[in-house]
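# A closer look at the structure
Here is what each chain is made of, one letter per residue.
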Amino acid sequence: QVQLVESGGGSVQAGGSLRLSCAASGLTYTSNCMGWFRQAPGKERERVAAIDAGRTMRYADSVKGRFTISVDNAKNTLSLQMNSLKPEDTAMYYCAAAKPKIFYGDTWRWCRSSDINDYNYWGQGTQVTVSS
């Protein structure tokens, strides 16, 4: 059974750092689309950072230069290093994964890390709160 479990959330002051981790079981991250998403109250879920099937790193403009996504294949763990945190970063953070190939009958395409609909495995979330 596939499970994704986030950890590392908490409360920090503006300018501080946190490192989020997502441990996977029943699934290997290798070749999958993988990403971190966040959702603040009253707002839509947005992609924060992701790795596509070609292992390209992609970030939301609001976190470029501050956040870094990485994967440890040996530990089967996805991480998000967050530096220079701002109050606007306050949200519930979720990790997610998608199979590398999205099938349509006998045809397929590579998963797209930017397409939230491609993700079929989700963690329960970890809260990040940044105070000013």
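Presented here is a report on the structure given in the accompanying data block. Everything numeric in this text was worked out from a predicted model, so none of it was measured. (Residues numbered from 1 in each chain as written. Predicted model: local features only at pLDDT ≥ 70, side-chain atom pairs only at ≥ 80, totals over all residues. Heavy atoms only, no water.)

### Focus: the overall build of the chain
The secondary structure content of the chain amounts to zero helices and 13 strands. For the chain, the α and β elements follow one another from N to C terminus as β-β-β-β-β-β-β-β-β-β-β-β-β. Computed over C-alpha atoms, the radius of gyration of the chain comes to 15 Å, within 12% of the 14 Å expected from 2.2 N^0.38 for 132 residues, which places it in the range of a compact globule. Based on the C-alpha atoms only, the size of the chain along its principal axes is roughly 55 × 30 × 25 Å. Taking all 132 residues of the chain together, the buried fraction comes to 41%. Pairs at least 24 residues apart make up 59% of the contacts formed inside the chain by residues separated by at least 6 positions. (Helix = DSSP H or I, 4+ residues; strand = E, 2+ residues; numbered from the N terminus. Rg over C-alpha atoms; globule rule 2.2 N^0.38 Å. Buried < 20%, exposed > 50% of the residue type's maximum accessible area, 1.4 Å probe, protein only. Contact = heavy atoms within 4.5 Å.)

### A look at the pattern of salt bridges
Applying the stated criterion across every chain yields a total of seven salt bridges. Aspartate 61 is paired through a salt bridge with lysine 64; the nearest N and O atoms lie 3.1 Å apart. Between aspartate 118 and arginine 109 there is a salt bridge; the shortest N-O distance is 2.7 Å. Comparing aspartate 118 with arginine 109, the two get one shared label, buried. One network of salt bridges, with partners in common, ties together Arg38, Glu46, Arg66 and Asp89. (Salt bridge = Lys/Arg side-chain N within 4 Å of Asp/Glu carboxyl O.)

### Some thoughts on the side chain of threonine 126
Within the secondary structure, threonine 126 sits in strand E13 (residues 126-131). For threonine 126, the residues in contact, after removing those within four places along its chain, are Glu6, Ser7, Gly8, Gly9, Leu20, Ala91, Met92 and Tyr93.

### Comments concerning the side chain of threonine 77
Residue placement: threonine 77 occurs in strand E8 (residues 77-82). Judged by its relative accessible area of 15%, threonine 77 is buried. In terms of polar contacts, threonine 77 uses its side chain to reach the backbone carbonyl oxygen of lysine 75, at 3.0 Å. (Polar contact = N/O pair within 3.5 Å; in protein donor to acceptor, adjacent residues only side chain to side chain.)

### With respect to the sheet that holds strand E3 (residues 18-25)
In space, the four strands of this open sheet follow the order E1-E3-E8-E7, with antiparallel pairing throughout. Bordering the open sheet on either side are strand E1 (3-7) and strand E7 (67-72), each of which pairs with just one other strand. Across the sheet, the mean angle separating the axes of adjacent strands is 15° when strand polarity is ignored. As defined by bridge partners, E3 adjoins E8 across six bridges and the pair is classed as antiparallel. From the neighbouring strand, alanine 23 faces E8, where its bridge partner is threonine 77. (Pairing = 2+ DSSP bridges. Axes fitted to C-alpha atoms, helices over the stretch in contact; angles between N-to-C directions.)

### Topic: the environment of serine 62
By the element assignment, serine 62 lies in the loop between strand E6 (57-59) and E7. Spatially, the C-alpha atom of serine 62 lies 14 Å from that of glutamine 39, the residues being 23 residues apart in sequence. A distance of 3.5 Å separates a polar atom in the side chain of serine 62 from a polar atom in the side chain of arginine 38.

### With respect to a nonpolar patch on the surface
Residues Phe103, Trp108 and Trp110 make up a contiguous nonpolar surface patch of about 380 Å² in total accessible area. Relative to the elements of secondary structure, phenylalanine 103 occurs in strand E10 (residues 101-104). Take phenylalanine 103: its relative accessible area is 53%, and that puts it in the exposed class. (Patch = residues over 30% accessible without salt bridge, like charges linked within 9 Å, V, L, I, M, F, W, Y side chains within 5 Å. Areas by Shrake-Rupley, 256 points an atom, 1.4 Å probe, with all protein chains shown as cover.)

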